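# Examination of the molecular architecture
Listed below, chain by chain, are the residues.
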Protein chains: 2
Amino acid sequence: MAAWGERLAGVRGVLLDISGVLYDGGEGGGAAIAGSVEAVARLKRSRLKVRFCTNESQKSRADLVGLLRRLGFDVSEGEVTAPAPAACLILKQRGLRPHLLVHDGVRSEFDQIDTSNPNCVVIADAGEGFSYQNMNKAFQVLMELENPVLFSLGKGRYYKETSGLMLDVGPYMKALEYACGIEAEVVGKPSPEFFKSALQEMGVEAHEAIMIGDDIVGDVGGAQRYGMRALQVRTGKFRIFWCSLGL
Amino acid sequence: MAAWGERLAGVRGVLLDISGVLYDGGEGGGAAIAGSVEAVARLKRSRLKVRFCTNESQKSRADLVGLLRRLGFDVSEGEVTAPAPAACLILKQRGLRPHLLVHDGVRSEFDQIDTSNPNCVVIADAGEGFSYQNMNKAFQVLMELENPVLFSLGKGRYYKETSGLMLDVGPYMKALEYACGIEAEVVGKPSPEFFKSALQEMGVEAHEAIMIGDDIVGDVGGAQRYGMRALQVRTGKFRIFWCSLGL
């Protein structure tokens, strides 16, 4: 307990990953991880600022928040930092028109984006949308560009659903990188810009924040490289952390 | 012309890539590349030994040879070195039972292989078979193994069909490598073992052989690393090479 006290000294803000930390996706929307609903409620009653920092790219923020609320979590859309809105900002700033290889559930986030005559590709966790035909189309769009630009919403290797492990967007990003001989720009964890915007929304400095996630690369490595503290939870071990934190 | 004479001094055997060199695949089986049927015929009338060395993994050798013969090529099954038979040899030698993520057209090559209770994964150019579901199944099989073994029949980035560029097996190999944190064993070009067996079948030493292909990595780089000479042809430029060779 003393060790925890030291590790958390000066912490003013907590960034929470969602998938694998608060809930596991799956049939019927998924299931809350035991203890997590109460932990978030207690955290919000504490002196700490809270923000949800996710690489979820299958759902719009509205749908994600709706799902979390149905599972019992106290969360609003304005408290969530997610890669699709971050990508839209970048596309607008750089005047880019994407070919989208994304899940239908997140397509509404791109409603205000011009997708005619594409000059870049955006991939997200498309699930079943990662067909050979769709991958080949994204590949062909990139190969026709003089300067191919590929954005990947996160680069996670896989995630856990109630039915088992599922390939995330990262492997498909690697496939297109290799096919085209290019390097993708990652929007989402572990990108420094992504943590930066989440911290700005909280009004907390990096050294005052801790990231809690289940991904050693996206959550822990990325946060630590940005000067934050980080904690990796293993699905189902969430309650133990909160107890040790004394919340 | 003099330069060619020097480059080819001492050459006794010619290894020919098939796809992109002899023909481009596509609707109705594909089309012979202009000049290539005559070039192969002349080559076979010359003093040089000839072998066809392909990473084709969508079709069985029998089907590939049938297609080439219909396009007018003088070729027999025994003259072709292909990755699926090479993989079967390795699987038998090492007592491995594969989960197959391959095109239906090549499945017959694995008829004699035990695929029950798999302890490795073999991927080949599966084309439309590279669905999310099939990729996820291969991923799950690998993740359940204590020592995950992945064989990839070639690692080509893409190939040209008459309808356009198509993703090859390489990008999907990279996807599974990244997802599982492993490195695949490549069966086919540019693997040294693959060139070795092709040369043995010809009875020609590496320094006496030249590889002619369209892939800078699989054909040219691989052959040169194995001590062979190599020539990269660009699709449609095949005739020029043969003319300069004086055949």
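Just so you know, these numbers come straight off a predicted model, no measurement behind them.

### Quick look at the relation of the copies chain B and chain A
- Mapping chain B onto chain A is achieved by rotating through 180° and translating by 0.0 Å along the same axis, at an RMSD of 0.0 Å. As the rotation angle and translation indicate, the two copies are arranged about a two-fold axis. Residue serine 131 of chain B, judged by its C-alpha, is the member of chain B lying nearest the rotation axis, at 2.3 Å.
- Both copies present the same face, since 100% of the interface residues in chain B are matched by interface residues at the equivalent positions in chain A.

### Describing the side chain of aspartate 24 of chain A
- Within the secondary structure layout, aspartate 24 of chain A lies in strand E2 (residues 23–24).
- Polar side-chain contacts of aspartate 24 of chain A include one of 3.4 Å to the side chain of lysine 160 of chain A.

### What about the sheet that holds strand E4 (residues 49–53) of chain A?
All names here are of chain A.
- Spatially, E5-E4-E1-E12-E13 is the arrangement adopted by the five strands of the open sheet, whose pairing is parallel. The strands lining the two open edges of the sheet, one partner per strand, are strand E5 (80–81) and strand E13 (229–232).
- Judged from the two bridges that link them, E4 and E5 form a sheet pairing that is parallel. Bridging across to E5, cysteine 53 finds its partner in threonine 81.
- Each of strand E12 (209–213) and E13 touches helix H8 (residues 216–225); the most contacted strand, E13, lies at about 160° to it.

### Some details on the interface of chain B and chain A
- Between chain B and chain A, the residue contacts involve 29 residues of the former and 29 residues of the latter.
- Of the roughly 2500 Å² buried between chain B and chain A, counting both surfaces, carbon and sulfur atoms make up 65%.
- In terms of surface lost to chain A, no three residues of chain B exceed Tyr132, Leu167 and Tyr178 of chain B, which account for 34% of the buried area on that side.
- On the surface where chain B and chain A come into contact, there are 16 residue pairs in polar contact (both at pLDDT 80 or more).
- Broken down by secondary-structure element, the contributors of at least two residues to the side of chain B that touches chain A are helix H5 (132–144), strand E9 (158–161), strand E10 (164–167) and helix H6 (169–180) of chain B.
- Considering each element in turn, the side of chain B that touches chain A owes the most residues, eight residues, to H6 of chain B.
- Considered class by class, the residues forming the side of chain B that touches chain A number 16 nonpolar, nine polar and four charged.

### With respect to helix H4 (residues 83–94) of chain B
All names here are of chain B.
- End to end, H4 covers 16 Å across 12 residues, agreeing with the expected 16 Å (1.5 Å per residue, within 8%).
- Listed as buried for H4 are Pro83, Ala84, Ala87, Cys88 and Leu91. For H4, the buried positions fall inside an angular range of 140° around the axis, keeping them on one side. Exposed residues pointing more than 90 degrees away from the buried face of H4 are listed as Leu89, Lys92 and Gln93.
- Backbone geometry just after H4 places glycine 95 at a positive phi near 65°.

### Notes on the side chain of threonine 54 of chain A
- In this structure, threonine 54 of chain A sits in the loop between E4 and helix H3 (61–70).
- Every residue in contact with threonine 54 of chain A, bar those within four places of it in the chain, is listed here: Asp17, Ile18, Leu64, Val80, Thr81, Ala82, Pro83, Lys189 and Phe194 of chain A.

### A few points about the packing of helix H5 (residues 132–144) of chain A against helix H6 (residues 169–180) of chain A
Residue and element names in this part refer to chain A.
- Closest axis-to-axis distance for the H5/H6 pair is 10 Å, and the angle between their directions is 40°. Classified by the angle between their axes, H5 and H6 sit oblique to one another. The crossing of H5 and H6 is right-handed. Of the residues in H6, those touching H5 at Met135, Ala138, Phe139, Leu142 and Met143 are Tyr172, Ala175, Leu176, Ala179 and Cys180.
- Class assignment for the residues of the contact of H5 with H6 results in 10 nonpolar, no polar and no charged.

### Some words on the pairing of strand E9 (residues 158–161) of chain A
All names here are of chain A.
- Here E9 shows a clear split, with Tyr159 and Glu161 buried on one side and none of Tyr158 and Lys160 buried on the other.
- Pairing of E9 with strand E10 (residues 164–167) involves four bridges; the strand directions are antiparallel. Residue pairing for E10: lysine 160 is matched across the bridge by leucine 165.
- The antiparallel pairing of E9 with E10 creates a hairpin that spans two residues between the two strands.

### Some remarks on the sheet that holds strand E13 (residues 229–232) of chain B
Residues and elements named next belong to chain B.
- In spatial order, the strands read E5-E4-E1-E12-E13; together these five strands make up an open sheet with parallel pairing. Two strands bound the open sheet, and with one partner strand each, they are strand E5 (80–81) and E13.
- Bridge count between strand E1 (residues 13–16) and strand E4 (residues 49–53): four bridges; the pairing is parallel. Bridge assignment links leucine 15 to a residue of E4, and that residue is arginine 51.
- Across the sheet, helix H7 (residues 192–202) lies against E1, E4, E5 and strand E12 (209–213), angled at about 150° from E4, the strand it touches most.

### Points about the confidence of the model for chain A
- Of all residues in chain A, 93% attain a pLDDT of 70 or more, and the chain-wide mean is 91.
- Interface confidence in the predicted complex, given as ipTM, is 0.88; pTM for the same model is 0.88.

### Let's talk about H5 of chain B
- Along its 13 residues, H5 of chain B runs 18 Å from first to last C-alpha, staying within 8% of the 18 Å computed at 1.5 Å per residue.
- Among all positions in H5 of chain B, only Tyr132, Met135, Asn136, Ala138, Phe139, Val141 and Leu142 of chain B are buried.

### Comments concerning the domain arrangement of chain A
All names here are of chain A.
- You can read the domains of chain A as domain 1 (11–82 + 189–237) and domain 2 (94–187).
- On a C-alpha basis, the centres of domain 1 and domain 2 stand 23 Å from each other.
- Contacts between the two partners involve 17 residues from domain 1, matched on the other side by 18 residues from domain 2.
- Of the roughly 1400 Å² buried between domain 1 and domain 2 on both sides combined, carbon and sulfur atoms contribute 48%.
- Taken together, the links from domain 1 to domain 2 amount to one salt bridge.
- Two residues, aspartate 24 and lysine 160, come together in a salt bridge whose shortest N-O distance is 3.4 Å.
- One can count seven residue pairs in polar contact (both at pLDDT 80 or more) joining domain 1 with domain 2.
- Along the lines of polarity and charge, the residues of the side of domain 1 that touches domain 2 split into two nonpolar, eight polar and seven charged.

How each quantity is defined
Residues numbered from 1 in each chain as written. Chains lettered and ligands numbered in written order. Predicted model: local features only at pLDDT ≥ 70, side-chain atom pairs only at ≥ 80, totals over all residues. Heavy atoms only, no water. Least-squares fit on C-alpha atoms with pLDDT ≥ 70 in both. Contact = heavy atoms within 4.5 Å. Helix = DSSP H or I, 4+ residues; strand = E, 2+ residues; numbered from the N terminus. Polar contact = N/O pair within 3.5 Å; in protein donor to acceptor, adjacent residues only side chain to side chain. Pairing = 2+ DSSP bridges. Axes fitted to C-alpha atoms, helices over the stretch in contact; angles between N-to-C directions. Buried area = accessible area lost by both parts, 1.4 Å probe. Nonpolar A, V, L, I, M, F, W, Y, C, P; charged D, E, K, R; others polar. Expected span 1.5 Å × (residues − 1). Buried < 20%, exposed > 50% of the residue type's maximum accessible area, 1.4 Å probe, protein only. Arc of directions from axis to C-beta. Parallel < 35°, antiparallel > 145°, perpendicular 65-115°, else oblique. Left-handed = near helix turned anticlockwise from the far one by under 90°. pLDDT = per-residue confidence, 0-100. Domains from an automatic or database assignment. Salt bridge = Lys/Arg side-chain N within 4 Å of Asp/Glu carboxyl O.

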